[in-house]
Amino acid sequence: IVIIVCTANAIGEYSAQDAGAALGAMVAKSATVMRDGVWQQVPPRELVVGDVVQVKIGDTLPADMRVLSSNDLRTDEAVLTGEPL
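First things first, this report covers the structure right here in the doc. (Residues numbered from 1 in each chain as written. Predicted model: local features only at pLDDT ≥ 70, side-chain atom pairs only at ≥ 80, totals over all residues. Heavy atoms only, no water.)

### Some thoughts on the nonpolar core
Counting residues in each nonpolar core, the largest one holds five residues, listed as A31, V33, V42, L47 and V53. Not counting the four nearest positions on each side in its chain, V42 is found in contact with S30, A31, V33, R35 and L47. (Core = buried A, V, L, I, M, F, W, Y, C linked by side-chain atoms within 4.5 Å. Buried < 20%, exposed > 50% of the residue type's maximum accessible area, 1.4 Å probe, protein only. Contact = heavy atoms within 4.5 Å.)

Dropping the structure here:
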């Protein structure tokens, strides 16, 4: 019984590592931000409240944001709901 439990735990940890790596791959690597009147590429960790972020088709959002304006905005929330991609 101990061997079965240890094997099940090892498989569970391996699956969790795979899921963590998959989520890490989906994180935005940079954001296009308007600062001092110029569009700049910055790492998401440097975003601050009040930044205006430009989002294009296919972009992954780098942070929680408020939409100021959009044209035919659509989102794919499959990752959040656990649906297959």
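### Observations regarding unusual backbone geometry
A positive phi angle, close to 55°, is found at D36, a residue other than glycine. The exposed category is assigned to D36, whose relative accessible area is 80%. In this model, D72 sits at a positive phi of 60°, which is unusual for a non-glycine residue.

### Points about the sheet that holds strand β3 (residues 52–54)
Strand order in this open sheet of three strands is β2-β1-β3, and the pairing throughout is antiparallel. Here the strands that pair on one side only, and so sit at the sheet edges, are β2 (38–42) and β3. Strand after strand, the sheet turns through a mean of 40° between neighbouring axes, direction not considered. By the bridge criterion, three bridges tie strand β1 (residues 31–35) to β3 in an arrangement that is antiparallel. Looking at the pairing, T32 lines up with Q54 of β3. (Pairing = 2+ DSSP bridges. Helix = DSSP H or I, 4+ residues; strand = E, 2+ residues; numbered from the N terminus. Axes fitted to C-alpha atoms, helices over the stretch in contact; angles between N-to-C directions.)

### Quick word on the pairing of β1
As defined by bridge partners, β1 adjoins β2 across five bridges and the pair is classed as antiparallel. Note that in β2 the partner of V33 across the bridge is Q40. Between β1 and the antiparallel strand that follows it, β2, lie two residues; D36 among them carries a positive phi value of about 55°.

### Side note on the pattern of salt bridges
Summed over the entire model, instances satisfying the criterion amount to one salt bridge. With a closest N to O distance of 2.6 Å, R35 and D51 form a salt bridge. Taken together, the residues span a long stretch of sequence, with R35 in strand β1 and D51 in the loop between β2 and β3 at a distance of 16 residues. (Salt bridge = Lys/Arg side-chain N within 4 Å of Asp/Glu carboxyl O.)

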